[in-house]
Amino acid sequence: MLRLLGFFDDFGPPTGCSAGPLAAQVRASGEPDEAEIVEYLDTGHRLTHVMEAGVDVLTGETHRHTSGCSSLVTDGVWVWRADFAHYLETYHVPLPAAFLARVRRLHHRMPDLVGADFAPVFDEIVRGFGWTEADPWDAETVLRSRPRTVLTRAEFAARARRERPVGPWGKAPRKPRRNTQ
């Protein structure tokens, strides 16, 4: 069974696998180990690399996963969008108990993907997403876990502050009105 995380209606037409509208999932706080879960999501294995730029679907602002946001990522059992970590750490969306149990059982460490074990999962992903041109997964391939490749939320915010131009950008100041009386 294909296990999906964070495919909200806001990302496209609702499907049978949708988690519903994002706004309905927003919570005030997340899991006690949410930072470790976010890092786990950030270190997932990329299945697709989509060249696009997206924004937060609720605020319209850029975020640290803006580039390639709808790329698909997996841990070998679960599949999520590359920007799901942003929505988890920003809106503390609820996570399935089975996903939480797996991540905690793995001590928040991304497992390697062993080709022969992952091939049937990949076939199910291909069918689930309707990919017609996908090559079969190579049973000899082993994808090793890598360190986080995206900035943390704090690093992204610091970089955005440094790169933001300083000065009176936008409209020119208004000319003072002349008193005609």
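None of the values given here were measured: they were computed from a predicted structure.

*Asks:* Just give me the short version of the confidence of the model for the protein chain, but keep the residues and values in it.
*Replies:* Low-pLDDT stretches of the model should not have their predicted coordinates read in fine detail. A residue-level look at the protein chain finds 76% of positions with pLDDT of 70 or above and a mean pLDDT of 81. Within the protein chain, helix α3 (residues 97–105) carries the highest mean pLDDT (97), whereas helix α5 (residues 153–163) carries the lowest (64).

*Asks:* Go over the environment of Val103, please, and point to the residues and values.
*Replies:* Among the structural elements, Val103 can be located in helix α3. For the pair Val103 and Leu41, spaced 62 residues apart in sequence, the C-alpha to C-alpha distance is 9.6 Å. Excluding anything up to four places from it in sequence, Val103 contacts Ile37, Tyr40 and His108.

*Asks:* Break down the sheet that holds strand β1 (residues 3–5) for me, with residues and values.
*Replies:* Read from one edge of the open sheet, four strands run β1-β4-β3-β2, paired in mixed fashion. Lying at the two open borders of the sheet, with one neighbouring strand each, are β1 and β2 (45–46). Note that β2 and strand β3 (residues 72–74) share two bridges and pair antiparallel. By the bridge assignment for β3, His45 is matched with Thr74.

*Asks:* Residue-level account of the packing of aromatic side chains, with values.
*Replies:* With the rule as written, the count across this model stands at nine aromatic pairs. Pairing Tyr87 with Tyr91 gives two aromatic rings, centres 6.1 Å apart and planes at 20 degrees, and the pair type is stacked. With Tyr87 and Tyr91 both in helix α2 (residues 84–91) and four residues apart, this pair spans about one turn of that helix. Residue Tyr87 shares its accessibility class with Tyr91, and that shared class is buried. Aromatic rings pair up to connect Tyr40, Trp78, Trp80 and Phe99 into one cluster.

*Asks:* So what's going on with α2? Which residues, and what values?
*Replies:* Among the eight residues that make up α2, seven are buried, leaving the element largely enclosed by the rest of the structure. Within the sequence span of α2, burial applies to Phe84, Ala85, His86, Tyr87, Leu88, Glu89 and Tyr91. Positive backbone phi, approximately 55 degrees, marks His92, located one or two places after α2.

*Asks:* Lay out the pattern of salt bridges with the relevant residues and their values.
*Replies:* This model, assessed by the stated rule, comprises five salt bridges. Where Asp33 meets Arg104, a salt bridge forms, and the shortest distance between an N and an O atom there is 2.8 Å. Of this pair, Asp33 sits in the loop between β1 and α1 (34–42) while Arg104 sits in helix α3, and the two are 71 residues apart along the sequence. For the salt bridge of Asp112 with Arg144, the shortest nitrogen-to-oxygen distance reads 3.0 Å. Pair noted here: Asp112 is in the loop between α3 and β5 (113–114) and Arg144 is in the loop between β6 (142–143) and α5, with a separation of 32 residues, a long-range link. Exposure remark for Asp112: the relative accessible area of 34% places this residue in the partly exposed category. Bridged by salt links that share partners, the residues Glu31, Asp33 and Arg104 form one connected network.

About the criteria used
Residues numbered from 1 in each chain as written. Predicted model: local features only at pLDDT ≥ 70, side-chain atom pairs only at ≥ 80, totals over all residues. Heavy atoms only, no water. pLDDT = per-residue confidence, 0-100. Helix = DSSP H or I, 4+ residues; strand = E, 2+ residues; numbered from the N terminus. Contact = heavy atoms within 4.5 Å. Pairing = 2+ DSSP bridges. Phe/Tyr/Trp six-rings, centres within 6.5 Å; stacked < 30°, edge-to-face > 60°. Buried < 20%, exposed > 50% of the residue type's maximum accessible area, 1.4 Å probe, protein only. Salt bridge = Lys/Arg side-chain N within 4 Å of Asp/Glu carboxyl O.

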